[in-house]
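Residue-level listing of the chains:
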Amino acid sequence: MSNPGHDAAADVAAAPSPAADLTRPRRVRVHHLAEAKERGEKLTMLTAYDAVTARIFDAAGLDLLLVGDSIGNTMHGHATTLPVTLDDMIPPARAVARAAEHALVVVDLPFGTYEAGPEQALASAVRVMKETGAAAIKLEGGRRSAAQIRALTDAGIPVVGHLGFTPQSENILGGPRVQGRGDDAAEALCEDALAVQEAGAVAVVLEMVPVEVAARATEILRIPTIGIGAGPRVDGQVLVWTDMAGMTDWSPRFARRFAEVGNLLRQAAQDYAAEVRGGTFPDAAHSFER
Ligand code: KIV
C-alpha cells in the first residue's frame, strides 16, 4: 500500500527521511485497508512479537503488524498455538504497539479466550485494547465466530477474521492442511467470508486456501483479503517473520525465505565467542580508560 487514503498534510509523517514517500500516511488506520483494496494496492503484513523487530518492520514500511498467537510456536517453543494465553499476548502486544509508528497493530485472541461467546470475546478484546495500545483484534472462524465479531465491532474494536487453515482448530482439521478444496468446501469458505464481513470485520486472513478459492473470496468481498499460502490473487500478504527471514531450518512451502538471518546470527555468535576465547574482544576501542 503506497498511499492508503491519505487525507492531508496532517496525515503525513512530520519529519520524513529523504527516501520517505510524502504521501504515505503517518499511521495506517482501518479505513485505509478498504481504500487500498479499492485502488488495487497490495497490503503488507508481518508478524512481530517484540519491539526490536516491530521497529525494523515498521521502518521498512509494512502496513500491518500482527502479534500472532504463532508466538507459541515461534518464540515460546510450543508445538502449536493452543497453549498460548491472553497473559502471554499482552506484553508482546504492548511492545509492538509502542514500537510501531506507522503500521496498524493487530493482536490475536488466543485459543480459549473467545469461543464461549460474545461476552467472553468482548472481555478478552477489551483487555487487549486497554493494556496494549493495539488498534485491532484478530480471531479465527467464520459463521461460528460471527456473533463475537459483531460484539467487538459494536464496541468499537476493529476485527480481522481468519479463515481456511485456522491453527487453533488444527486438531479437528487434522493438522496444517489446505482448506476449501472441492466445490462444497469452497462454497462454505466463501459463505464464512461473507459472514465475517457482514459481522463487521475490516479484513480477513485466508490461510492455506487454493488460489482460485482465495481469488473468489477476494472478488465477492468488499473488505480486503490477506493471504498466507493463498496465492497471489488476494488483497495482501502476511507471513510469520521467522519464516520470511529464514530464522529456522524448516519453513512452510508457501513461505519464501527472503534472507537467511538465522545463519547470519549463528555466525555472529560464533565470531563473538571465538574472539572472547581468543582474547581479541574486547580490544582498546571497546574498553574505557581511567
Ligand atoms: O498467529 C499468526 O501468526 C497468524 C498468521 C499465520 C496469520 O495467525
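Presented here is an overview of the structure given in this document. Note that the coordinates shown come from a computational prediction; the quantities given were computed from them, not determined experimentally.

Calculation rules
- Residues numbered from 1 in each chain as written.
- Predicted model: local features only at pLDDT ≥ 70, side-chain atom pairs only at ≥ 80, totals over all residues.
- Heavy atoms only, no water.
- Salt bridge = Lys/Arg side-chain N within 4 Å of Asp/Glu carboxyl O.
- Helix = DSSP H or I, 4+ residues; strand = E, 2+ residues; numbered from the N terminus.
- Buried < 20%, exposed > 50% of the residue type's maximum accessible area, 1.4 Å probe, protein only.
- Near = heavy atom within 4 Å.
- Polar contact = N/O pair within 3.5 Å; in protein donor to acceptor, adjacent residues only side chain to side chain.
- Areas by Shrake-Rupley, 256 points an atom, 1.4 Å probe, with all protein chains shown as cover.
- Pairing = 2+ DSSP bridges.
- Axes fitted to C-alpha atoms, helices over the stretch in contact; angles between N-to-C directions.
- Contact = heavy atoms within 4.5 Å.

Some thoughts on the pattern of salt bridges
- Taken as a whole and assessed by the stated rule, the structure comprises 10 salt bridges.
- Between R143 and E191 there is a salt bridge; the shortest N-O distance is 2.8 Å. Placement of the pair is R143 in the loop between β4 (136-138) and α6 (146-154) and E191 in helix α8 (residues 183-198), with a sequence separation of 48 residues.
- On the basis of relative accessible area, E191 is assigned to the partly exposed category, the value being 35%.

Here's the deal with the site of the ligand
- Residues in close proximity to the ligand include T47, L66, G68, D69, S70, D108, K138, H162, V205, E207, I228 and V240, which together make up its full environment.
- Side-chain polar atom of S70 to an oxygen atom of the ligand: 2.5 Å apart, as the coordinates give it.
- In this structure, D108 approaches the ligand through a side-chain N or O atom, which is 3.0 Å from an oxygen atom.
- Considered on its own, the ligand offers 260 Å² of accessible surface; in the complex 96% of this is hidden by protein.

Points about the sheet that holds strand β8 (residues 236-239)
- With parallel pairing, the eight strands of this closed barrel are ordered in space as β1-β2-β3-β4-β5-β6-β7-β8. When the angles between neighbouring strand axes are averaged without regard to direction, this sheet yields 25 degrees.

What to know about the side chain of S251
- Mapped onto the elements, S251 comes out in the loop between α10 (241-244) and α11 (261-278).
- On the basis of relative accessibility, which here comes to 15%, the residue S251 falls in the buried class.
- Separated by 3.2 Å, the side chains of S251 and R257 make a polar contact.
- Leaving out residues up to four positions away in the same chain, S251 has contacts with D243 and R257.

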